[in-house]
Amino acid sequence: MVLYSSYFRDTQKAEYEAPTYFTFCTLKNATTAISPVREDSRVVDEAYYDLSGRRLYGRPTQRGIYIHSGRKVVVK
């Protein structure tokens, strides 16, 4: 049996007399591979989805909450 606690035991005393300094800087005009998301408003999804994200074919007949064209729809 291996005791892992012996590996995590501190062997040296921590010394806090000397201060530690950090320098933070910001990079302006940094180029990244991330571009803004553009919404294509021409795409219209007429399908219904349940709250689990499963696509339903046709209009739902059972009671519940569904997603249709990006909006919540309640079927009573």
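(A) Local environment of a nonpolar patch on the surface. Together, Leu 51, Ile 65 and Val 74 line one region of the surface with nonpolar side chains, adding up to about 300 Å² of accessible area. Within the secondary structure, Ile 65 is located in strand β3 (residues 64-68). Residue classification places Ile 65 among the partly exposed residues on the basis of a relative accessible area of 41%.

(B) View of the sheet that holds strand β2 (residues 55-56). On the basis of which strands lie adjacent, the open sheet formed by four strands has the order β2-β1-β3-β4 and antiparallel pairing. Sheet topology places β2 and β4 (71-75) at the edges, where each strand pairs with a single neighbour. In this sheet, β3 lies alongside strand β1 (residues 48-49) in antiparallel orientation, the contact comprising two bridges. Bridge assignment links Tyr 49 to a residue of β3, and that residue is Ile 67.

(C) Quick peek at unusual backbone geometry. Of note in this structure, Ser 69 is not a glycine but carries a positive phi near 55 degrees. Inspection of the secondary structure puts Ser 69 in the loop between β3 and β4.

(D) Broad picture of the pattern of salt bridges. Evaluated as defined, the whole model comprises one salt bridge. The salt bridge involving Arg 54 is made with Asp 50; its shortest N-O contact spans 2.8 Å. Given the relative accessible area of 54%, Arg 54 is considered exposed. By relative accessible area, which is 14% here, Asp 50 ends up buried.

Basis of the calculations
Residue positions are given per chain, counted from 1 along the sequence in the order it is written. In view of the model being predicted, local features appear only for residues whose pLDDT reaches at least 70, and side-chain atom pairs are presented and counted only at 80 or more, with totals across whole chains, interfaces and linings using the full set of residues. As a rule here, side-chain values come from all non-hydrogen atoms in the structure, and water together with hydrogens is ignored. Candidate patch residues must exceed 30% relative accessible area and have no salt bridge, after which like charges are joined if within 9 Å and Val, Leu, Ile, Met, Phe, Trp or Tyr side chains if within 5 Å. Here the accessible surface of atoms and residues is derived via Shrake-Rupley with a 1.4 Å probe, and residues count as covered only by protein chains that are part of the display. Salt bridges are defined as contacts in which a side-chain nitrogen from Lys or Arg sits within 4 Å of a carboxyl oxygen from Asp or Glu. Secondary structure elements follow DSSP: runs of H or I of four or more residues count as helices, runs of E of two or more count as strands, with numbering from the N terminus. Exposed residues in this analysis have more than 50% of their type's maximum accessible area, buried residues have under 20%, and partly exposed residues fall in between, with area computed by a 1.4 Å probe over protein chains only. Two strands qualify as a pair provided DSSP detects at least 2 bridges between them.

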